[in-house]
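# Reading the structure
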Amino acid sequence: MKSYLSAIRAVIWKDLTAEWRTRENLSAMMVFALLVILIFNFALDLDIQAQESLSAGVLWTTFIFAGTIGLNRSLAVEKDRGCLDGLLLAPVDRSVIYFGKAIGNLIFMLLVEIIILPVYSFLYQVPVFQTGFLLVVLLGSIGYVAVGTLLATMVIQVRTRDILLPILLFPLTLPVIIAAVKSSQGFLLMIPLAEIAPWLNLLIVYDLIFTVAAFMVFDFVVEE
Amino acid sequence: MTKKPRLLSILDGLSGLMILVAVGLVFFYAPVEVMTGQVQKVFYFHVATAWVGMLGFLVAATAGVVYLHKGDPTWDITGHGAVEISLIFFLTAIILGSIWARPIWNTWWTWEPRLTTAAIVELIYAAYLLLRQGVDDPERRARFSAIYAIFGFFSVPLTFISIRLLRTIHPVVIGSAEAASQGGFNMDSPMKITFFFSLAAFSVFFADLLWHRIRLGKLRAEVEILRINAYSKGE
């Protein structure tokens with residue numbers, strides 16, 4: 001168990017170090033996210049009144065779009081430079097690679113969110129710094145990345161890979177997106193916790209089911 | 001190529017006959033519903049096609065699990081065939097539902113849980129076909145689409161629940177008190193007979209189509225092998 005965890009840590013560490021040297025993935029996600037918010041600002045006429053109910057939707061759309069870019073890139077790099085084969089040759093259980101990559105992707109997505117949220121809060125005076133809201137951001141990102149990492153590993157081996165990831169990923173992660181939007185909206189509008197609870201439960205259930213399912217089938221995705 | 005099995009020919013005839021009888025029952029046997037009138041007759045085929053749609057997706061997910069276990073290409077062909085057939089049936093169900101909804105709900109479409117889920121299901125399985133198209137290696141294509149079919153099947157109930165938490169006006173015909181206000185109704189015996197017969201007819205029809213589709217898939221694989229052999233001989 002201990003060596004399993006340290007192997008996962010090694011995969012995550014490798015991703016973080018590689019990213020730290022170039023910072024190209026994170027900066028691309030970040031700039032893209034800011035652009036999406038900018039576009040929403042004009043497309044939806046986001047003034048102080050309108051954004052009350054729209055904020056959650058705008059934020060999550062931004063997160064999942066930026067997340068898709070990050071996911072695609074994180075796995076495409078492995079494939080293009082032949083690193084995936086190297087990883088697969090490592091004498092560890094294949095699920096280590098899945099968890100390592102997934103946690104790495106989660107960290108990137110959370111980093112983008114950590115920077116976008118204060119910016120958004122600054123621009124629109126939205127009270128995003130509440131424990132509940134941040135918990136939703138975490139749970140939603142986990143579900144999204146759990147499925148996203150699996151599908152991205154699949155998509156990089158496919159001919160039409162650049163266009164395929166969002167097409168495969170969005171319909172599957174719809175429950176996460178709906179539940180995340182509704183529960184973050186609930187926290188932003190100060191709705192009592194009892195009414196938000198079903199959405200939180202749904203998020204947790206989705207995260208559990210799909211992390212386990214992805215863990216179970218990951219071997220088949222990287223099999224040669 | 002093996003000859004067309006006798007049982008398949010019998011199934012062809014049976015499914016054609018059952019569909020005909022179902023049409024007959026719908027138009028001449030089932031009574032006209034009091035509240036909503038003639039348009040209610042759409043319901044028999046609407047539910048039957050939607051049921052076949054769901055059945056196909058269940059078959060695809062099951063075939064996916066079996067394929068990952070056994071690695072037999074027949075299961076891949078089965079899954080692929082089931083998704084193709086169900087995509088069409090589900091689309092038919094949506095269109096039939098629209099025809100019913102126009103006079104009853106006064107709109108062709110509404111963002112209601114069942115309708116929204118149906119739309120998402122169509123998109124998931126359209127994505128399934130796009131995924132298949134993108135992979136050239138048959139073995140890898142089979143693995144990937146098996147996984148996607150399983151994941152799609154898991155996510156659909158969660159999508160349904162999540163939208164259900166949001167809103168609903170779709171009538172629950174069987175066992176619901178407030179259904180009448182949304183265009184629902186109680187079925188009497190001739191209606192029930194028509195309803196269950198339509199379900200059975202479409203299920204048989206589905207089995208028949210799927211069988212044909214599996215034979216077609218195997219035939220296609222054979223042609224592929226013949227072609228490769230011919231190429232290698234030519235060189």
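Our structure's up above, just so we're on the same page.
Structural notes, computed from the coordinates. Quick caveat: nothing in here was measured; it's all calculated off a predicted structure. (Residues numbered from 1 in each chain as written. Chains lettered and ligands numbered in written order. Predicted model: local features only at pLDDT ≥ 70, side-chain atom pairs only at ≥ 80, totals over all residues. Heavy atoms only, no water.)

### Here's the deal with the packing of aromatic side chains
In plain terms, the rule: Between rings of Phe, Tyr and Trp, where Trp is taken as its six-membered ring, a pair exists when centres lie within 6.5 Å; planes separated by under 30 degrees are stacked, by over 60 edge-to-face, and by other angles tilted. Comment: elements are numbered from the N terminus, with helices defined as DSSP H or I runs of at least four residues and strands as E runs of at least two. We call a residue buried when its accessible area falls under 20% of the maximum for its residue type, exposed when it is over 50%, and partly exposed in between, using a 1.4 Å probe and counting protein chains only. Counted as over-ring charges are cases with an Arg CZ or a Lys NZ within 6 Å of the ring centre that also lie within 35 degrees of the ring normal.
Tallied over the entire structure, the rule returns 19 aromatic pairs over all chains. Ring geometry for F43 of chain B and Y44 of chain B: centres 5.4 Å apart, planes at 65°, overall edge-to-face. Ring centres of F45 of chain B and F202 of chain B lie 5.0 Å apart, and the angle between their planes is 70°; on these two criteria the pair is classed as edge-to-face. Residue F45 of chain B is located in helix α2 (residues 42-70), and its partner F202 of chain B is located in helix α6 (residues 189-234); the two are separated by 157 residues in the primary sequence. Among the residues examined, F202 of chain B registers a relative accessible area of 8% and is labelled buried. One aromatic cluster is present, formed by Y98, F99, F215 and F218 of chain A through successive ring pairs. Sitting over the face of the ring of W20 of chain A, R23 of chain A holds its NZ or CZ atom 4.5 Å from the ring centroid.

### Re the nonpolar core
For the record, the criterion: In plain words, nonpolar cores are sets of buried Ala, Val, Leu, Ile, Met, Phe, Trp, Tyr and Cys residues tied together by side-chain atoms within 4.5 Å. We call two residues contacting when some pair of their heavy atoms lies within 4.5 Å.
Counting residues in hydrophobic clusters, the biggest one holds 134 residues, and the most contacted among them are L150 and L151 of chain A together with Y148 and F151 of chain B. With 14 residues, the top contributor of residues to this core is helix α7 (residues 161-188) of chain A. Residues within four places of L151 of chain A in sequence aside, it is in contact with L165, L168, L169 and L172 of chain A together with Y148 of chain B. Counting 7 residues, the second largest nonpolar core, distinct from the first, contains V39, L96, W100 and L115 of chain B.

### Points about the interface of chain A and chain B
Convention followed: When two parts are brought into contact, each loses some accessible area as probed by a 1.4 Å sphere; the total of that loss over both is the buried area. Any carboxyl oxygen of Asp or Glu within 4 Å of a side-chain nitrogen of Lys or Arg constitutes a salt bridge here. Between N or O atoms, a polar contact is any pair within 3.5 Å; within protein, one atom must be a potential hydrogen donor and the other a potential acceptor, and residues adjacent in sequence are included only when both atoms are from side chains. Classes in brief: Ala, Val, Leu, Ile, Met, Phe, Trp, Tyr, Cys and Pro nonpolar; Asp, Glu, Lys and Arg charged; the others, Gly included, polar.
Counting from both sides, the interface comprises 31 residues of chain A and, opposite them, 27 residues of chain B. Together, the buried faces of chain A and chain B total about 2,700 Å²; carbon and sulfur atoms form 78% of this surface. Its largest share of buried area at the contact with chain B, chain A owes to M154, L172 and F220 of chain A, together 20% of the area lost on that side. Taken together, the links from chain A to chain B amount to 2 salt bridges. Across the pair D136 of chain B and R159 of chain A runs a salt bridge, and its minimum N-O distance is 3.2 Å. Here chain A and chain B share 7 residue pairs in polar contact (both at pLDDT 80 or more) between them. When residues of the side of chain A that touches chain B are traced back to their parent elements, those giving at least two are α6 (131-155), α7 and α8 (193-222) of chain A. Looking at the side of chain A that touches chain B residue by residue, the class counts come to 25 nonpolar, 2 polar and 4 charged.

### Some details on the environment of V112 of chain A
Within the secondary structure layout, V112 of chain A lies in helix α5 (residues 94-124). Remark: the alpha-carbon pair of V112 of chain A and V31 of chain A, spanning 81 residues in sequence, is separated by 9.6 Å.

### Some words on the pattern of salt bridges
The full count for this structure, using the stated rule, is 13 salt bridges over all chains. Between K4 of chain B and D12 of chain B there is a salt bridge, with the nearest N and O atoms lying 2.8 Å from each other. K4 of chain B sits in the partly exposed class, given a relative accessible area of 37%. Linking E224 of chain B and R227 of chain B is a salt bridge whose minimum nitrogen-to-oxygen distance equals 4.0 Å. Remark: R227 of chain B and E224 of chain B occur in helix α6; sequence separation between them is 3 residues, near one turn of the helix. Given a relative accessible area of 39%, E224 of chain B falls into the partly exposed group. Counted as one network, the salt bridges with shared partners bring together K14, D15, E78 and K101 of chain A.

### A look at a nonpolar patch on the surface
To be explicit about the condition: To count toward a patch, a residue needs a relative accessible area above 30% and no salt bridge. Like charges then connect within 9 Å, nonpolar side chains (Val, Leu, Ile, Met, Phe, Trp, Tyr) within 5 Å. The accessible surface values rely on the Shrake-Rupley method and a 1.4 Å probe; as for residues, cover is taken only from the protein chains in view.
Taken together, the side chains of V31, L35, L38 and F42 of chain A present a nonpolar region at the surface, about 410 Å² in accessible area. Its location among the elements puts L35 of chain A in helix α2 (residues 24-43).

### Comments concerning the side chain of S86 of chain B
Residue and element names in this part refer to chain B. Position of S86 relative to the elements: it lies in helix α3 (residues 73-105). Polar side-chain contacts of S86 include one of 3.3 Å to the backbone nitrogen of G56. Sequence-distant contacts of S86, defined by excluding residues within four places in its chain, comprise V52, G53, G56, F57, E122 and F206.

### With respect to the packing of α6 of chain A against α7 of chain A
Residues and elements named next belong to chain A. Going by this rule: Here an angle of 0 to 180 degrees is reported between the N-to-C directions of two axes, which are lines fitted to C-alpha atoms, with helices fitted over the stretch in contact. In these notes the angle categories are as follows: under 35 degrees is roughly parallel, over 145 is roughly antiparallel, 65 to 115 is roughly perpendicular, and the rest is oblique.
Viewed as axis vectors pointing N to C, α6 and α7 meet at an angle of 170°, and their least axial separation amounts to 9 Å. Regarding the angle of α6 to α7, the classification is roughly antiparallel. Taken together, the residues of the contact of α6 with α7 break down into 17 nonpolar, 7 polar and 1 charged.

### A word on the packing of α2 of chain B against α3 of chain B
How two helices sit against one another is set out by the angle between their axes and by the gap between those axes. All names here are of chain B. Stated formally: Crossings are sorted by hand: turned counterclockwise from the far helix by less than a right angle, the near helix makes the crossing left-handed, and turned clockwise it makes it right-handed.
The N-to-C vectors of α2 and α3 enclose an angle of 155°; their axes lie 7 Å apart at closest approach. Comparing the axis directions of α2 and α3 gives the class roughly antiparallel. As for how α2 packs across α3, the hand of that crossing is left-handed. Class assignment for the residues of the contact of α2 with α3 results in 22 nonpolar, 9 polar and 1 charged.

### Brief notes about unusual backbone geometry
Residue and element names in this part refer to chain A. The phi torsion at Q125 lies on the positive side, around 50°, for a residue other than glycine. Topologically, Q125 is positioned in the loop between α5 and α6. For Q125, a relative accessible area of 57% translates into the label exposed. Its identity is not glycine, yet M190 carries a phi of approximately 60°, on the positive side. Among the structural elements, M190 can be located in the loop between α7 and α8.

On their own, these measurements won't tell you what the molecule is for.
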